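The residues making up each chain are set out below.
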Amino acid sequence: MTAEIIDGKAFALSLRERVGEVAAAFEAKAGRKAGLAVVLVGEDPASQVYVRSKGKATLAANMLSFEHKLPVDTAEADLLALVEKLNNDPSVDGILVQLPLPSHVDEQTVIAAISPDKDVDGFHVTNAGRLAVGQEGFVPCTPLGCIMLLTDRLGDLSGLDAVVVGRSNIVGKPMAQLLVQQNATVTLAHSRTKNLPEVVRRADIVIAAVGRAEMVKADWLKPGATVIDVGINRLPPADGAEKGKLVGDVAFAEASEVAGAITPVPGGVGPMTIAVLLRNTLVAAHRNEGIAMPDGAL
Ligand code: GUN
């Protein structure tokens, strides 16, 4: 058997197009564009790449992008003052502070300072709580993107066995909450789980979000399972190569022989994150202006 490849890149492109259309309609109704503020502290190369692509994608989706680049030695108090300014700026609907932050800044303190109604990353404890009790809020972009890919492929998830491997606040925990909301039967597994291969083998849906290159093997999978690979890991460079290959948390080639459908790395979950960030920002803008989102658009 050879798995169907779930094309997250194509899905994300189509979501970004729909966001762009709804954003144009929002501008016509509200008399202003939706706006996303992104704050980058320091010069981490990977973060610089992310921030640049977020900015471009925001503009391409008919929204405003406000980029704030601060030096690596910015005091926590100055960062908190900027967040407060953005909280009070009516042209800013969403605020994203790029992580990781330099070690002298406490990430939780900064996240807690973001208004929960502008927290389009869904990292604030208020939004984590809202998700846990089923209230309207913001859901972290990566797990929400995974749910979109899953429901697009499988439709109703009711009664399906889902195993999430990895318990981070950003992916694993919200992923488990979302799957429960979709009526799946959910196991949240992690590095201390006993007999992990056996646990994963029960799953109709596997979400791999542990950050360990190619950990999930073909013989861990139930034949026909839908596999969503959130991992992005760089292997050591092969002889003579400058950079190692990017791989997920699933051993893709062998897993494709057993799974029913699988996301590739790159080109699977990755592109969904920015598309969902734009979607969350547009939702925030509609809420801020008291304008209803068009039904079923996003
Ligand atoms: N760093 C890497 N991914 C993300 C993300 O989705 N949000 C934020 N704030 N920082 C990140």
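Report follows, based on the coordinates. (Residues numbered from 1 in each chain as written. Predicted model: local features only at pLDDT ≥ 70, side-chain atom pairs only at ≥ 80, totals over all residues. Heavy atoms only, no water.)

1. Topic: the overall build of the protein chain
Then, in step 1: In terms of helices and strands, the protein chain carries 10 helices and 11 strands.
Then, in step 2: Taking 19 Å as the expected radius of gyration for a compact globule of 298 residues, we find that the protein chain reaches 19 Å, a close match to that expectation.
Then, in step 3: Evaluated residue by residue, the protein chain yields a buried proportion of 48% over its 298 residues.
Then, in step 4: Within the protein chain, residue pairs in contact and separated by at least 24 positions form 69% of the contacts whose partners lie at least 6 positions apart.
Then, in step 5: When the accessible area of the protein chain is evaluated, it comes to approximately 13,800 Å², of which 52% is carbon and sulfur surface.
Then, in step 6: Taking the 28 positively charged and 35 negatively charged side chains of the protein chain as two groups, their mean positions are separated by 2 Å. (Helix = DSSP H or I, 4+ residues; strand = E, 2+ residues; numbered from the N terminus. Rg over C-alpha atoms; globule rule 2.2 N^0.38 Å. Buried < 20%, exposed > 50% of the residue type's maximum accessible area, 1.4 Å probe, protein only. Contact = heavy atoms within 4.5 Å. Areas by Shrake-Rupley, 256 points an atom, 1.4 Å probe, with all protein chains shown as cover. Lys, Arg positive; Asp, Glu negative; His and termini not counted. Charge placed at Lys NZ, Arg CZ, Asp CG, Glu CD.)

2. Regarding the site of the ligand
Then, in step 1: In the region of the ligand, the neighbouring residues are Leu96, Val97, Gln98, Leu99, Asp121 and Phe123.
Then, in step 2: Contact distances for the ligand include 2.9 Å between a nitrogen atom and a backbone N or O atom of leucine 99.
Then, in step 3: Across the complex, the protein chains shield 77% of the 280 Å² of accessible surface that the ligand would expose by itself.
Then, in step 4: For the shell around the ligand, a count of residues per class yields 4 nonpolar, 1 polar and 1 charged. (Near = heavy atom within 4 Å. Polar contact = N/O pair within 3.5 Å; in protein donor to acceptor, adjacent residues only side chain to side chain. Nonpolar A, V, L, I, M, F, W, Y, C, P; charged D, E, K, R; others polar.)

3. Details of the nonpolar core
Note that soluble globular proteins tend to have their nonpolar side chains buried in a common cluster.
Then, in step 1: Counting 55 residues, the largest nonpolar core has Leu179 and Ile207 as its most contacted members.
Then, in step 2: A per-element tally of this core places helix α10 (residues 270–289) first, with 10 residues.
Then, in step 3: Each residue touching isoleucine 207, except ones within four places of it in the same chain, is listed here: Leu150, Val163, Val164, Val165, Met175, Leu179, Ile228 and Val230.
Then, in step 4: If you look at the next biggest cluster of nonpolar residues, it comprises 21 residues, including Ala203, Trp220, Val227 and Val258. (Core = buried A, V, L, I, M, F, W, Y, C linked by side-chain atoms within 4.5 Å.)

4. Things to note about the sheet that holds strand β3 (residues 64–70)
Then, in step 1: What the 3 strands build is an open sheet, ordered β3-β2-β4; its pairing is parallel. Each edge of the sheet is formed by a strand with only one pairing partner; in this case those strands are β3 and β4 (94–97). Looking at each pair of strands side by side, their axes are set apart by 15° on average, direction ignored.
Then, in step 2: Note: strand β2 (residues 35–41) against β3, 7 bridges, orientation parallel. Bridging from a neighbouring strand, valine 38 pairs with glutamate 67 of β3.
Then, in step 3: Against the sheet, helix α2 (residues 45–60) contacts β2, β3 and β4, and its axis sits at roughly 160° relative to β3.
Then, in step 4: Sheet contacts for helix α3 (residues 76–87): β2, β3 and β4; angle to β2, the most-contacted strand, approximately 180°. (Pairing = 2+ DSSP bridges. Axes fitted to C-alpha atoms, helices over the stretch in contact; angles between N-to-C directions.)

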